[in-house]
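Residue-level structure breakdown
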Amino acid sequence: MASNIKKIAVFTSGGDSPGMNAAIRSVVRACAYLQIDCIGIFRGYQGMIEGDFMPMNARSVNNIINKGGTMLKSARCEEFRTKAGRKKAFEQLQANGIDSLVVIGGDGSFTGALKFNEEYGVPFIGIPGTIDNDIFGTRVTVGYDTALNTVVEAIDKIRDTASSHHRLFFVEVMGRDVGHIALNSGIGAGAEEILIPEEDLGLERLLDSLKRSKARGKSSSIVVVAEGDRTTGKNVYELKEFVEENLPIYDVRVCVLGHMQRGGAPTCSDRVLACRMGVKAVESLLEGKSNLMTGIQENEITLTPVIEAIKGKTKLDKELIRISDILTV
Ligand code: ADP
Ligand code: F6P
């Protein structure tokens with residue numbers, strides 16, 4: 001299906017992730033290459049409502065491919081959740097001749113775009129940008145690989161001090177609802193235990209495992225905990241108290257890695273992914289497609305209906321749990 005697309009607007013929304021700049025650059029340059037006007041919207045839906053727009057050409061995105069964060073800034077916007085807010089946003093798009101959107105963000109941002117499309121028919125393509133890797137329809141999201149590497153580097157450093165003092169560390173990593181970062185970084189950094197929302201390890205098993213570690217002569221231990229893990233009913237600080245009470249042989253510390261996981265220069269893998277998805281998003285709009293999200297499956301760039309991306313749940317590779325158990329012998 002051909003389209004009448006003449007002016008595409010691109011924006012980043014929700015939690016930022018490394019590689020968003022590479023995705024913006026890709027969208028802007030693909031538009032320049034295909035001679036389509038491109039507008040950058042600052043601060044996501046908030047900027048759309050306020051008309052915070054900037055015409056972009058190939059040179060507007062010089063030297064950003066290697067930068068973390070997002071040059072267009074991001075925001076969470078309550079007003080866009082209201083009909084009145086979305087009406088204002090549509091009026092701004094109309095006033096500026098914008099006829100289609102590329103939304104770089106997570107499932108919340110896609111839900112907003114879908115609602116907007118239902119109400120005003122503005123075509124859009126989504127690019128999944130989040131460190132959590134919690135979006136169905138893509139093996140990985142833009143920013144996930146960088147975050148994993150950041151976490152592994154941080155845990156390596158924590159291990160240095162942990163082993164110098166024969167300590168046990170609970171390291172909390174991001175992952176609001178899913179354990180992808182925790183499981184993969186935990187294996188990559190050689191953690192003794194990994195607590196994730198998808199798998200109930202149980203407090204007794206945690207104690208057994210820590211006892212076994214001591215008995216086997218391990219001088220220090222790292223337990224990686226996904227922030228969204230509620231399986232033990234305890235947060236990292238409560239886990240520290242619990243282990244100190246029940247296993248006084250351990251000197252326990254807590255490290256919450258927090259937002260440093262969202263920053264930093266994107267890895268090559270995230271940059272290439274973002275470049276591929278940005279081009280795909282623009283080409284798809286020009287082919288008359290809408291309400292789809294770019295993804296990657298078996299090294300092919302794919303399109304998934306956004307409704308499925310929002311509703312579907314990502315699957316954790318349970319084999320990795322077995323691998324982790326074997327390797328912490
Ligand atoms: P993410 O895209 O990272 O999941 P959020 O869940 O915070 O981040 O969503 C980003 C923004 O998308 C919200 O601040 C809001 O403006 C918009 N949004 C999310 N859900 C809806 C919804 N149900 N209706 C309209 N807009 C929404
Ligand atoms: O980007 C996803 C995420 O990092 C989650 O893992 C985390 O819960 C959340 O964002 C925190 O975001 P903020 O502090 O921006 O609300």
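Before any of the text, the structure's been laid out above.
Residues numbered from 1 in each chain as written. Chains lettered and ligands numbered in written order. Predicted model: local features only at pLDDT ≥ 70, side-chain atom pairs only at ≥ 80, totals over all residues. Heavy atoms only, no water.

**Structural notes on the side chain of Glu-193**
- Mapped onto the fold, Glu-193 is located in strand E7 (residues 193–195).
- One buried charge, Glu-193, has no salt-bridge partner; the nearest side chain with opposite charge is Arg-205, at 4.4 Å.
- Among the polar contacts made by the side chain of Glu-193, one reaches the side chain of Ser-209 at a distance of 2.5 Å. (Helix = DSSP H or I, 4+ residues; strand = E, 2+ residues; numbered from the N terminus. Buried < 20%, exposed > 50% of the residue type's maximum accessible area, 1.4 Å probe, protein only. Lys, Arg positive; Asp, Glu negative; His and termini not counted. Salt bridge = Lys/Arg side-chain N within 4 Å of Asp/Glu carboxyl O. Polar contact = N/O pair within 3.5 Å; in protein donor to acceptor, adjacent residues only side chain to side chain.)

**Quick look at the site of ligand 2**
- The full set of residues close to ligand 2 is Arg-76, Asp-132, Met-174, Gly-175, Arg-176, Glu-227, His-259 and Arg-262.
- At 2.9 Å, a side-chain N or O of Asp-132 approaches an oxygen atom of ligand 2.
- The contact in question runs from an oxygen atom of ligand 2 to an N or O atom on the side chain of His-259, over 2.7 Å.
- The fraction of the free accessible surface of ligand 2 (400 Å²) that becomes covered by protein chains is 78%.
- A per-class count over the shell around ligand 2 returns 1 nonpolar, 2 polar and 5 charged. (Near = heavy atom within 4 Å. Areas by Shrake-Rupley, 256 points an atom, 1.4 Å probe, with all protein chains shown as cover. Nonpolar A, V, L, I, M, F, W, Y, C, P; charged D, E, K, R; others polar.)

**Topic: the sheet that holds strand E6 (residues 168–173)**
- Taken together, the 4 strands give an open sheet; going across it, the order is E7-E8-E6-E9, and neighbouring strands pair in parallel fashion. Of all the strands in the sheet, just E7 and strand E9 (252–256) have a single pairing partner and so form its edges. Sheet twist, expressed as the mean angle between neighbouring strand axes with direction ignored, is 20°.
- Both E6 and E9 contribute to a ladder of 5 bridges, which runs parallel. For Phe-169, the partnering residue across the bridge sits in E9 and is Arg-253.
- Contacting E6, E7, strand E8 (221–226) and E9, helix H8 (residues 236–246) crosses the sheet at an angle of about 170° to E9. (Pairing = 2+ DSSP bridges. Axes fitted to C-alpha atoms, helices over the stretch in contact; angles between N-to-C directions. Contact = heavy atoms within 4.5 Å.)

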